[in-house]
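Here's the letter readout for the chains.
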Amino acid sequence: MFKLKQNIILFLLFLCLLSCSSNPLSPIDPKKNIFIKKPEVTFNIKNLPKQINVFYFNSEIKAEDSSSLLQGISDNYYYYKEEIGYAPELNFIDFSDNIYCMENMTLSKESFSIGLLFNQDSSLLGNNCYKRFLKLKGLVVTKNKMMEIKEPRLIEFNINRELDIKNLLNIAKKNGDVRAIIIDDSTTKDKDVIKRTWENMEGKVISSVSSERRISSQKLLSEILLLEQSEIRSRKLSRIIGLKLNNVPRRREDIDSVFLSTSLPNARSLKPALEYNFADKISVYLIPSWSENSHLTDNELDLENVIISEMPFFMNTNISFQRIDQTNNSRNYAIGYDTYELALLLDSNPKRKFNYFGLTGLIKNDYSLIKKKSLHAKVVNGKLKYLNYVDY
C-alpha cells in the first residue's frame, strides 16, 4: 500500500515538472538572451495559402516605413522557403493608387491578404477599394488606435504603444510607486496620455513636463526636484542672519518615481542627471520613443536600475532561428516580420490559440482578438535583466 502511494506521489510530481517545463509563458532561454522564437507549430504546406497579398501605402512621406515593413515580410518569406520549401505567390499591392489596387483585386480563392492600414494612412483609402478589401480573408495591421473591424474573415493585429505604457505603469504600481513625475520629449509628446492613464490607475502625478533641447537635463531636473528653491531659501536665510551657510540642497520628498517617455539618447542623458540631483533613490521607468530606432546594448550604465518596456528586437536579445541584422533594422521591420508569421498561423487555423514570441513581443491569439506584450527588463550593472512575461 505504501509502495502504491509512493508511486502515485512520484507520478504527480512528474506531471507537475512536465507542466512547468512546457509552460508557454516561461522565459525562452534567459541564459542565452533568447526571447524571440518561432512558434512550436508544424506547418502542413498543403494547408497554407497558395497566394499571399500584401496591401500597403507607398506615399513619398512614408516610403521608408513601407520599405521596412515589406523587407520584414520578405525576410520571413525566404526563411520558410529555405526551411520547409514553402514559397507562395507573394504580391505587393499599393493602396495609394486606387486604380492599380482595383485592377489587382481579382485574387485567388485560396489567397490570404494582409492590410497594412496604419492610422495615418487608413483615411486615404477610396471607398470602393476599401470595401472590396474587407470582403477578403486575412489580417489587418493597425497602429495605436484599433479600427475594430467586424468582418468575420478579417482579424486585426493592433500595435499599440499605449498598451505598453499601461503594462509598465502596472509594474510601477506593483512596486508600490504611486507619486510620479512624467517626462516626455518632442519624439513622443504623450505626457498627458501617461498622466491620464496613471491617474485612472489611482496613481498621483506630481508634475509632468517636456524635455526640450534648449534646456539641459541638469537644469530641467533641478527645477522639477525644487533644488533651486532650496538654494534660494538658503541665500535668503544667509542674508537675514548675516552669515554664510554651508547649504546642501535637498530634493522634494513627495515623489517616489519618474516615468520617462523619451528617445533612448535623451533617457541616457536624463538618468545620470537624476542621480546628480539627489534623486538616485527614485524609481525610474522608461518606454523609449517609437519614432526612432535606437537599440539597447549590453552596456547601459547610464540607465542603471531603470525598468524598460520595449520590443525584444530592440533589447539586445538573440535570435536563434535566423541571422538578422538587428542594429540596422527598424520597428516596422519587426512588425512586418511578425505579420507574415501571423498570416501562416491564422490561415492554417484561425481558431488556433497560440503564443508566438515574436520580434515585437509576446503575441497571443484568443480568436478574433490578437494581443501583444512588449518585453520588460531592469538594468543591473549595465546589463539587461529580463522580466518574465507572466510577471506583468
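Residues numbered from 1 in each chain as written. Predicted model: local features only at pLDDT ≥ 70, side-chain atom pairs only at ≥ 80, totals over all residues. Heavy atoms only, no water.

### Focus: the packing of aromatic side chains
Stage number 1. What the rule picks out here adds up to 12 aromatic pairs.
Stage number 2. When the centroid spacing of 5.9 Å and the interplanar angle of 70° are considered together, the rings of Tyr79 and Phe321 count as edge-to-face. Taken together, the residues Tyr79 in helix α2 (residues 63-84) and Phe321 in the loop between β12 (318-319) and α11 (331-348) connect sequence positions 242 residues apart.
Stage number 3. Relative to Phe259, the ring of Trp198 has its centre 5.1 Å away and its plane inclined at 85°; by these criteria the two rings are edge-to-face. Note that Trp198 is positioned in helix α7 (residues 191-200) and Phe259 in strand β9 (residues 257-261), a separation of 61 residues in sequence.
Stage number 4. The buried category is assigned to Trp198, whose relative accessible area is 1%. (Phe/Tyr/Trp six-rings, centres within 6.5 Å; stacked < 30°, edge-to-face > 60°. Helix = DSSP H or I, 4+ residues; strand = E, 2+ residues; numbered from the N terminus. Buried < 20%, exposed > 50% of the residue type's maximum accessible area, 1.4 Å probe, protein only.)

### Overview of the confidence of the model for the chain
Stage number 1. Residues at a pLDDT of 70 or more form 72% of the chain, whose mean pLDDT is 78.
Stage number 2. Segment residues 1-5 is flagged for pLDDT under 50; beyond a separation of four residues in sequence, or across chains, it makes zero contacts in the model. (pLDDT = per-residue confidence, 0-100. Contact = heavy atoms within 4.5 Å.)

### A look at the packing of helix α6 (residues 161-174) against α7
Stage number 1. Between α6 and α7, the least distance of the axes is 10 Å, while the angle of their chain directions is 50°. Taken together, the axis directions place α6 and α7 in an arrangement best described as oblique. In this structure, α6 meets α7 at a crossing whose hand is right-handed. Judged by residue contacts, Glu162, Ile165, Lys166, Leu169, Ala172 and Lys173 of α6 engage Val193, Ile194, Thr197 and Trp198 from α7. (Axes fitted to C-alpha atoms, helices over the stretch in contact; angles between N-to-C directions. Parallel < 35°, antiparallel > 145°, perpendicular 65-115°, else oblique. Left-handed = near helix turned anticlockwise from the far one by under 90°.)

### Examining the pairing of strand β7 (residues 179-185)
Stage number 1. With six of seven residues buried, β7 lies mostly within the body of the structure.
Stage number 2. Inspection of the sheet shows β7 paired to strand β8 (residues 204-211) by seven bridges, in the parallel sense. Considered in β8, the bridge of Ala180 is made with Val205.
Stage number 3. Between the parallel elements β7 and β8, the chain passes through α7 in a crossover that is right-handed. (Pairing = 2+ DSSP bridges. Right-handed = clockwise from strand over helix to strand, strands pointing away.)

### Topic: the sheet that holds strand β14 (residues 362-365)
Stage number 1. One open sheet accounts for three strands, arranged β13-β14-β15; its pairing is antiparallel. The open sheet terminates on both sides in strands that have one partner only, identified here as β13 (355-357) and β15 (370-373). Averaged over all neighbouring strand pairs, the angle between strand axes comes to 20°, with direction disregarded.
Stage number 2. Alignment of β14 against β15, held across four bridges, turns out to be antiparallel. Counted as the bridge partner of Ile363 is Lys372 from β15.
Stage number 3. Contacts from α11 reach β13, β14 and β15, with the element oriented near 155° to β13.

### Examining the side chain of Ser207
Stage number 1. With respect to the helices and strands, the residue Ser207 is situated in strand β8.
Stage number 2. Residue classification places Ser207 among the buried residues on the basis of a relative accessible area of 19%.
Stage number 3. Among residues more than four places away in sequence, those in contact with Ser207 are Ala180, Ile181 and Ile182.

### Some details on the sheet that holds strand β6 (residues 154-159)
Stage number 1. Pairing in this open sheet of five strands is parallel, and the strands run β3-β2-β4-β5-β6 from one edge to the other. Only two strands of the sheet have a single neighbouring strand rather than two, namely β3 (89-94) and β6. Each neighbouring strand pair of the sheet contributes to a mean axis angle of 15°, computed without reference to strand direction.
Stage number 2. Where strand β5 (residues 138-143) lies against β6, six bridges are found, and the strand directions are parallel. By the bridge assignment, Val140 is partnered in β6 with Glu156.
Stage number 3. Packed onto the sheet, α11 meets β2 (51-56), β4 (111-116), β5 and β6 and runs at close to 150° relative to β5.

### Re empty space enclosed by the protein
Once rolled over the atoms, a probe with the size of a water molecule shows which space is left empty.
Stage number 1. Applying the stated criterion across every chain, the model contains two cavities of 30 Å³ or more.
Stage number 2. What the second largest cavity holds in volume is close to 50 Å³.
Stage number 3. The wall of the second largest cavity is formed by Ile165, Leu168, Leu169, Ile194, Phe259, Leu260, Tyr285 and Ile287.
Stage number 4. Counting only elements with at least two residues in the lining of the second largest cavity, the list comes to α6 and β9.
Stage number 5. If one sorts the elements of the lining of the second largest cavity by residue count, α6 sits on top with three residues.
Stage number 6. Looking at the lining of the second largest cavity residue by residue, the class counts come to eight nonpolar, no polar and no charged. (1 Å grid on protein atoms, 1.4 Å probe; cavity = no way out; pocket = protein on both sides within 12 Å on 5 of 7 lines; lining within 4 Å. Points joined across faces, edges and corners; volume = space filled by probe spheres on them. Nonpolar A, V, L, I, M, F, W, Y, C, P; charged D, E, K, R; others polar.)

### Some words on the pattern of salt bridges
Stage number 1. Per the stated rule, a full pass over the model turns up eight salt bridges.
Stage number 2. Of the charged contacts, one joins Lys38 and Glu341 as a salt bridge, the two residues approaching to 2.5 Å between their closest N and O atoms. Here Glu341 lies in helix α11 and Lys38 lies in the loop between β1 (34-36) and β2, a separation of 303 residues in the sequence. For the pair formed by Lys38 and Glu341, the shared burial category is buried.
Stage number 3. Glu199 is the partner of Lys195 in a salt bridge, and the nearest nitrogen-oxygen pair spans 3.0 Å. With a gap of four residues between them, Lys195 and Glu199 both fall in helix α7, about one helical turn apart.
Stage number 4. We classify Lys195 as partly exposed; its relative accessible area is 28%.
Stage number 5. Glu199 gets classed as partly exposed once you look at its relative accessible area, which sits at 38%. (Salt bridge = Lys/Arg side-chain N within 4 Å of Asp/Glu carboxyl O.)

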